[in-house]
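Understanding the architecture of this molecule
Chain by chain, the residues run as shown.
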Amino acid sequence: MGRRFPTEHTWAASKVHRPLQGGICGGKDGAESIVVSGGYVDDEDYGDEIVHTGQGGNDPSTKRQVAHQELTLGNAGLARDQLDGNPVRVIRGAGGDPSFSPSTGFRYDGLFRVVDHWRADGKDGFRIWRFRLVNLDNVDRPPAREETGNGRRVPAVIQRLVRSSALALKVKRLYEYRCQICDTRLETPAGPYAEAAYVRPLGRPHDGPDSFNNILCLCPNHYVLFDAGGIWIGEYLEVFDTATGRQVGTVRMAAEHGIAWGHLAYRASLHT
């Protein structure tokens, strides 16, 4: 972080951002880096938070939007990063907001995560894709302030930890993003979506491993039920309703995948 690059050729040689041109490096399977250098009139830079304009439809000589943008190529990649929780390298150039940009050349400013994306009408009247990125080490601060019951507005902070690992992605792809309990597959404009559920939770005091035999692929509904203790999984992969004790399903398991019984037993002990 903080490394300087005098030209595009030096950043490309270092592979921090591989293209010589283009603000987004990546495709529909995910974007790995972006350059923030004032190339789009709709860009907003707040330091630890960036509202980045997608690629496409831009006249580089005037920096004005002359055509609509589509959710393809690097734009689809950034949207995919939000779904998968993958971090993005951010490089700032001298043409960006002077409050946060280097005075000359380019600077690597660390890893950010995509926390939101949406389509909007840009300042030039064309449809653009916008991506909100937050520094990986920072909490996700919502753009608005929450109102209390007495009419006073108070600052609100959301702590949203997005865990992503190659193993979690491997499990999702193994099941083609279908829930192992209900077989639901959610489709979004950026592709299929599923949650990676850690059977023995990561971090203290549980100290669960980020391992293939500790991860399930679940739809958001069953992820929340499992994470909050509404359901638990038995030794033979039966799914039980915690409140009633009744079996409500069975976990589908691929031949090349398996969950360690010790992790299932630990999770069950938290809620039964």
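Structural notes, computed from the coordinates.

Considerations on the pattern of salt bridges
Should their charged atoms come close, side chains of opposite charge can pair. Applying the stated criterion to the full structure yields 11 salt bridges. Linking Arg18 and Glu32 is a salt bridge whose minimum nitrogen-to-oxygen distance equals 3.0 Å. Residue Arg18 is located in the loop between helix H1 (8–14) and strand S2 (24–27), and its partner Glu32 is located in strand S3 (residues 30–36); the two are separated by 14 residues in the primary sequence. A salt bridge links Glu32 to Arg89; the shortest N-O distance between them is 3.1 Å.

So, the side chain of Thr53
With respect to the secondary-structure elements, Thr53 resides in strand S5 (residues 49–53). A distance of 2.7 Å separates a polar atom in the side chain of Thr53 from a polar atom in the side chain of Asp43. Residues in contact with Thr53, not counting those within four places in the same chain, are Tyr40, Asp42, Asp43, Gln69, Ile128 and Trp129.

Observations regarding helix H2 (residues 73–84)
Here H2 spans 16 Å end to end across 12 residues, near enough to the 16 Å set by a 1.5 Å rise per residue. Of all 12 residues in H2, 11 are buried, a share of seventy percent or more. The positive-phi residue at the C-terminal boundary of H2 is Gly85, with phi of around 75 degrees.

Quick word on the pairing of S3
On a regular strand, one side chain projects to one face of the sheet and the next to the other, so that they alternate. Of all seven residues in S3, six are buried, a share of seventy percent or more. Summarising the sheet, S2 and S3 pair through four bridges and their orientation is antiparallel. Across the sheet, Ile24 pairs through a bridge with Ile34, a residue of S3. Sheet topology places S3 next to strand S8 (residues 87–93); four bridges connect them, and they run parallel. Pairing of Val35 across the sheet is with Ile91, part of S8.

Parameters at a glance
- Residues numbered from 1 in each chain as written.
- Predicted model: local features only at pLDDT ≥ 70, side-chain atom pairs only at ≥ 80, totals over all residues.
- Heavy atoms only, no water.
- Salt bridge = Lys/Arg side-chain N within 4 Å of Asp/Glu carboxyl O.
- Helix = DSSP H or I, 4+ residues; strand = E, 2+ residues; numbered from the N terminus.
- Polar contact = N/O pair within 3.5 Å; in protein donor to acceptor, adjacent residues only side chain to side chain.
- Contact = heavy atoms within 4.5 Å.
- Expected span 1.5 Å × (residues − 1).
- Buried < 20%, exposed > 50% of the residue type's maximum accessible area, 1.4 Å probe, protein only.
- Pairing = 2+ DSSP bridges.

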